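If you want the building blocks of each chain, they are given just below.
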Amino acid sequence: MSTRLDISVVVPLYNEEESLGELMAWIDRVAKANSLTYEVIMIDDGSSDDSWERVLELKEQYATLRGIRFARNYGKSAALYCGFEAAEGEVVFTMDADLQDSPDEIPEMRRMILEEGYDLVSGWKKKRYDPIGKRLPSKFFNATARLVSGIKLHDFNCGLKAYRRKVVKSIEVYGEMHRYIPILAKHAGFKRIGEKVVQHQERKYGVSKFGMERMIKGYLDLISVTFMSRFGRSPMYFFGGLGTIMFLVGGITAVWVIANKLYCQAHDMYVRAVTDQPLFFVAILAVVLGVQLFLAGFLGELINRRAPERNKYLIDDKF
């Protein structure tokens, strides 16, 4: 049986041919200085430049380099998913390929995982060199993520993170969920999540691959991951509960409108026709929506019951 590597470094990349050589040399230098056995897994996310050719060139120089190439651009989450699947190290790191993440942080983050017992250590770029138009939305986004998730991290989206191996083997990163890996990890049962202030480098080559649309996607993804974390296995709790409340409120309101009309008629009091009262139609709408939500929860339960991972649980220890 082969000995497990000390670290795996997963590097998603998209049109980063200029920086790959420097990044690989930097990681190699840090690993050797700390006597770490390592591998670097570079995932080319459908680059249109010569990034893949550069990876092949580096493979001839570094036996520790592994490469994965996508036929087209699938996104960072897909690249991380494949990198996590391939990683063999005891501690798995992720970092961006643009040299803004410093490999010099690897030894200390690894120590925090192995000696302090963290499952995940996220980098915090306390001093950032990004333009203010990028920093302010990021602060607001991180504040919202902290409030919703209860995880006290300053920088959820920092590309530099360290994971205990079983963490990356237990979570599924998809869509645009790479921003919320700490939330996915917490939902999977890994609650020892720490943070380390890391050095942020100015971008040396190329331009950022993310625009302002990522903020919109980010908040939509936050809603998705929060819902899936709380109600993914029991959608009836959300849809059925909300549907039941709406049905009862609408039903009681409709009955009250009709009963009030009958009471007024019995006592020769003026009363508007039920169909002339907007409240009656609001009540009927609430009843209809309540039934639809309840059925949505019921159908969700039927679908979820047939999901292959329904009874997949993380076992921390056994004897």
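Residues numbered from 1 in each chain as written. Predicted model: local features only at pLDDT ≥ 70, side-chain atom pairs only at ≥ 80, totals over all residues. Heavy atoms only, no water.

Undergrad: Got a minute to help me understand the overall build of the protein in this structure?
TA: Counting its secondary structure elements, the protein contains 10 helices and seven strands. Expressed as a percentage of its 319 residues, the buried residues of the protein come to 44%. Considering only intrachain contacts with a sequence separation of at least 6, the fraction spanning at least 24 residues in the protein is 79%. Accessible surface, the protein: about 17700 Å² in total, of which carbon and sulfur atoms supply 59%. (Helix = DSSP H or I, 4+ residues; strand = E, 2+ residues; numbered from the N terminus. Buried < 20%, exposed > 50% of the residue type's maximum accessible area, 1.4 Å probe, protein only. Contact = heavy atoms within 4.5 Å. Areas by Shrake-Rupley, 256 points an atom, 1.4 Å probe, with all protein chains shown as cover.)

Undergrad: How should the sheet that holds strand β5 (residues 120-124) be read in this particular structure?
TA: Pairing between the strands of a sheet is mediated by backbone hydrogen bonds and can be parallel or antiparallel. Ordered by their spatial adjacency, seven strands build an open sheet running β3-β2-β1-β4-β6-β5-β7, and the pairing between neighbours is mixed. Each end of this open sheet is capped by a strand with a single partner; those strands are β3 (65-69) and β7 (193-197). Averaged over all pairs of adjacent strands, the angle between their axes in this sheet comes to 20°, without regard to strand direction. Both strand β1 (residues 5-13) and strand β2 (residues 38-44) contribute to a ladder of seven bridges, which runs parallel. Counterpart to Ile7 in the pairing with β2 is Tyr38. (Pairing = 2+ DSSP bridges. Axes fitted to C-alpha atoms, helices over the stretch in contact; angles between N-to-C directions.)

Undergrad: Looking at this model, I keep getting lost on the packing of helix α1 (residues 20-33) against helix α2 (residues 51-61). Mind explaining?
TA: Where α1 contacts α2, the axes come no closer than 10 Å and their chain directions differ by 35°. Like other packed secondary-structure pairs, α1 and α2 cross with a definite hand, here right-handed. Contacts between α1 and α2 involve Leu20, Gly21 and Met24 on the former and, on the latter, Ser51, Arg54, Val55 and Leu58. Tallied by class, the residues present in the contact of α1 with α2 amount to four nonpolar, two polar and one charged. (Left-handed = near helix turned anticlockwise from the far one by under 90°. Nonpolar A, V, L, I, M, F, W, Y, C, P; charged D, E, K, R; others polar.)

Undergrad: Teacher, can you tell me more about the pairing of strand β6 (residues 161-164) here?
TA: Each regular strand displays side chains that alternate between the two surfaces of the sheet. Relative to β6, strand β4 (residues 89-94) runs antiparallel, the two being bridged by four bridges. Counterpart to Val92 in the pairing with β6 is Tyr163. Strand direction decides the pairing type here: β5 and β6, joined by three bridges, are antiparallel. Opposite Ser122, over in β6, you have Lys161 as the bridge partner.

Undergrad: Which parts of the structure should I look at to understand a nonpolar patch on the surface?
TA: A contiguous nonpolar surface patch, about 830 Å² in accessible area, is contributed by Phe247, Leu248, Ile252, Val291, Phe294, Leu295, Phe298, Leu299 and Leu302. Residue assignment for the nonpolar patch shows that the elements contributing at least two residues are α9 (235-266) and α10 (278-305). In terms of residue count, α10 provides more of the nonpolar patch than any other element does, six residues in total. Mapped onto the elements, Ile252 comes out in helix α9. (Patch = residues over 30% accessible without salt bridge, like charges linked within 9 Å, V, L, I, M, F, W, Y side chains within 5 Å. Salt bridge = Lys/Arg side-chain N within 4 Å of Asp/Glu carboxyl O.)

Undergrad: How should the packing of aromatic side chains be read in this particular structure?
TA: The geometry of an aromatic ring pair is captured by the separation of the ring centres together with the interplanar angle, meaning the angle of the planes. Per the counting criterion, the structure on display carries four aromatic pairs. When the ring of Phe70 is compared with that of Tyr74, the centres are 5.3 Å apart and the planes differ by 90°; the resulting orientation is edge-to-face. With a centroid separation of 5.4 Å and an interplanar angle of 70°, the aromatic rings of Phe84 and Tyr163 are classed as edge-to-face. In this pair, Phe84 is assigned in helix α3 (residues 76-86) and Tyr163 in strand β6, connecting sequence segments 79 residues apart. We note that Phe84, like Tyr163, is buried. (Phe/Tyr/Trp six-rings, centres within 6.5 Å; stacked < 30°, edge-to-face > 60°.)

Undergrad: Got a minute to help me understand the nonpolar core in this structure?
TA: Inside soluble globular proteins, nonpolar side chains tend to come together where they are buried. Ranked by internal contacts, the top residues of the largest apolar core, which has 34 residues, are Val9, Val40 and Met42. No other element matches the seven residues that α1 contributes to this core. Once residues lying within four places of it in the same chain are set aside, the contact partners of Met42 are Val11, Leu13, Leu20, Met24, Val55, Leu65, Arg66, Gly67 and Ile68. Ranked by size, the runner-up nonpolar core spans 31 residues in total, among them Val10, Leu153, Leu184 and Val225. (Core = buried A, V, L, I, M, F, W, Y, C linked by side-chain atoms within 4.5 Å.)

Undergrad: Can you help me understand the side chain of Asp96 in this one?
TA: As for its placement among the helices and strands, Asp96 is situated in the loop between β4 and α4 (106-115). At 2.9 Å, the side chain of Asp96 forms a polar contact with the side chain of Lys76. (Polar contact = N/O pair within 3.5 Å; in protein donor to acceptor, adjacent residues only side chain to side chain.)

Undergrad: Teacher, can you tell me more about α1 here?
TA: For an α-helix, 3.6 residues make a turn, and residues three or four places apart therefore share a direction. The terminal C-alpha atoms of α1, which comprises 14 residues, lie 20 Å apart, in line with the 20 Å expected from a rise of 1.5 Å per residue. Listing the buried residues of α1 in full gives Leu20, Gly21, Leu23, Met24, Trp26, Ile27, Asp28, Val30 and Ala31. Those residues of α1 hidden inside the fold are in contact with β1, β2, α2, β3 and α4. Of the residues one or two after α1, Ser35 is the one with positive phi, at around 55°. (Expected span 1.5 Å × (residues − 1).)

Just distances and angles here, no functional claims.
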